[in-house]
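# Observations on the model geometry
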Amino acid sequence: MSSTAAAPPEIKPQDFLNVDHLLSDEERDMRDSVRAFVNKEVVPYVGDWFEEGRVPVAELAPKLGKLGVLGMHLTGYGCAGASATAYGLACLELEAGDSGIRSLVSVQGSLAMFAIWRWGSEEQKQEWLPRMAAGEAIGCFGLTEPDAGSDPAAMRTTARRDGDDWILHGSKMWITNGSISDVAVVWARTDEGIKGFLVPKGTKGFTTQDIHKKMSLRASVTSELLLDDVRLPDSARLPEVSSLRGPLSCLNEARFGIVFGAIGAARACYEAALDYALSREAFGRPIAATQIQQSKLAQMALDVNQGTLLALHLGRMKDDNLLRNEHVSMGKLGNVDAALRVARSARQVLGANGVTLEYPVIRHMNNLESVVTYEGTADVHALVVGGAVTGIQAFR
Ligand code: TGC
Ligand code: FAD
């Protein structure tokens, strides 16, 4: 290097490795607008929503639609057609607000809309996607059942033909947005394999029940779907898939968003801990001046920066069509684990203040306990990665 070269830029604690430099102007602009939205519409209120166990989806969804993040990586039908990386960056900013808000966007765009976009008929796409992209209609995704979570192949919900119609019977458990959805994408066992069905709100025999007493993801609606001999026309069936590949392809999309999103939650915890450590004094000096707190902050910065780079790398791979589902599993496994580590460490830096909703840390920490479980538990993703590196499938 020439001796006249300019010195590298100063270290920014909020972007230690200067990851900004790796983003295009367009990506930075989009990221900034989602961050501004979250700071205005989510951050000031989400502690109260969490405490009250509610989220104003009817107000938020049209705003998220206007922001362009609902189904933003899909093309046509009113969707933004953004790159996978841009979608990931949006998830990161949304989850820096709250995992429940990223969940709302993930379930809408990556699960419900993606299922219709990838496996639906032209009529189904025309009917649902533009309204869902605008946030005027809400969707949910029913795969998990009371006795089939990690192993969806064991599902008991059935769909049987009756003349030109289908009769759905069974139940789905832990369904995000279940009771507030205009349309439920429900996966069911048939004589011809696992198929998806679009069940509109109000269909006879279809009811929902909300799950209460959650200590995690409280700013998110979680419900049970009950299907008591629900009759649907064949036009409600997603025609393009008859295997577990259908729902699992949707999960890949949502898991990809979580690879980025979890780092948003981690970043929010790291920043809260850094601010707190710099201003909180004990024994006559800021706690940030002590070796033990600096060690924690350095580890948090490392986790956040490594996680961001991993997410960005997977985003670029997806945009270059190089991403396999095993890569996504590695990303979700690593980044949610890192985010939990950061959140737990940050909570301790905040001392007693770390247990109140006046600060974002314990909310993120509790939310991440859902994030590490849904969309495939850490064990499931470890087994997917383990299977890929050993060539031996260890699930059964
Ligand atoms: P297996 O025999 O391996 O595969 C069955 C068929 O599926 C294909 N496949 C995939 N396709 C796309 N993406 C993937 N990730 C895929 N994994 C497998 C496979 O090629 C095969 O296709 P075909 O055409 O030959 O039929 O399936 P398995 O029964 O052994 O299960 C594998 C396992 C355990 C990895 C899978 O069942 C799994 O991922 N389990 C975890 C379930 C899960 O993640 N549920 C999430 C529910 S949704 C949710 O949590 C939303 S939370 C809200 C939010 O996101 O914010
Ligand atoms: P189980 O599958 O019963 O697992 C229990 C434990 O056993 C776990 O630790 C697991 O890792 C372990 N385990 C399982 N199999 C193996 C194995 N082969 N080897 C070793 N260990 C194993 N689902 C939806 O379909 N749609 C949604 O919108 C949705 N939203 C959710 C929102 C929230 C807040 C939560 C908490 C869950 C949501 N889920 C949703 C459900 C979620 O996907 C499941 O909880 C998850 O897949 C795990 O299933 P399970 O809870 O039945 O656990």
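Bear in mind the structure is a predicted one, so any value in this text is a computation, not a measurement.

## Notes on the site of ligand 1
Around ligand 1, a shell composed of 26 residues is seen, among which Ser103, Asn252, Arg255, Glu375 and Arg396 lie nearest. In this structure, Ser150 approaches ligand 1 through a main-chain N or O atom, which is 2.9 Å from a nitrogen atom. At 2.9 Å, a side-chain N or O of Ser243 approaches an oxygen atom of ligand 1. Compared with its free state, where it exposes 1,100 Å², ligand 1 has 75% of that area covered by protein. Elements with a minimum of two residues in the shell around ligand 1: helix H5 (99-119) and helix H7 (245-279). Here the shell around ligand 1 is composed, by residue class, of 10 nonpolar, 11 polar and five charged.

## Regarding the site of ligand 2
In the vicinity of ligand 2 there are 17 residues, among which Thr144, Ser150, Trp174, Thr377 and Asp379 approach most closely. At a separation of 3.0 Å, an oxygen atom of ligand 2 approaches a polar backbone atom of Leu143. Between ligand 2 and the protein, one listed contact pairs an oxygen atom with a side-chain N or O atom of Asp379 at 2.6 Å. Summarising the interface, the protein chains cover 67% of the accessible area of ligand 2, which totals 980 Å² for the free molecule. Broken down by secondary-structure element, the contributors of at least two residues to the shell around ligand 2 are strand E3 (165-176) and helix H11 (378-390).

## Thoughts on the pattern of salt bridges
Applying the stated rule across the entire model yields 25 salt bridges. Where Glu253 meets Lys318, a salt bridge forms, and the shortest distance between an N and an O atom there is 3.1 Å. Of the two residues, Glu253 sits in helix H7 while Lys318 sits in helix H8 (residues 291-319), which places them 65 residues apart along the sequence. By relative accessible area, Glu253 is classed as buried at 10%.

## Some details on the domain arrangement of the protein chain
Split into domains, the protein chain comes out as domain 1 (19-133), domain 2 (139-236) and domain 3 (245-390). Computed from C-alpha atoms alone, the centre-to-centre distance between domain 2 and domain 3 is 30 Å. Taken residue by residue, the interface counts eight residues in domain 2 and 11 residues in domain 3. Overall, the association of domain 2 and domain 3 removes approximately 770 Å² of surface from exposure, summing both partners, and the carbon and sulfur fraction of that is 71%. For domain 2, the biggest contributors to the area lost against domain 3 are Phe141, Ser216 and Leu217; these three give 50% of the whole. Here domain 2 is connected to domain 3 by zero salt bridges. Along the contact surface separating domain 2 from domain 3 lie four residue pairs in polar contact (both at pLDDT 80 or more). The class makeup of the residues in the side of domain 2 that touches domain 3 is five nonpolar, two polar and one charged.

Quick notes on the rules
Residues numbered from 1 in each chain as written. Chains lettered and ligands numbered in written order. Predicted model: local features only at pLDDT ≥ 70, side-chain atom pairs only at ≥ 80, totals over all residues. Heavy atoms only, no water. Near = heavy atom within 4 Å. Polar contact = N/O pair within 3.5 Å; in protein donor to acceptor, adjacent residues only side chain to side chain. Areas by Shrake-Rupley, 256 points an atom, 1.4 Å probe, with all protein chains shown as cover. Helix = DSSP H or I, 4+ residues; strand = E, 2+ residues; numbered from the N terminus. Nonpolar A, V, L, I, M, F, W, Y, C, P; charged D, E, K, R; others polar. Salt bridge = Lys/Arg side-chain N within 4 Å of Asp/Glu carboxyl O. Buried < 20%, exposed > 50% of the residue type's maximum accessible area, 1.4 Å probe, protein only. Domains from an automatic or database assignment. Contact = heavy atoms within 4.5 Å. Buried area = accessible area lost by both parts, 1.4 Å probe.

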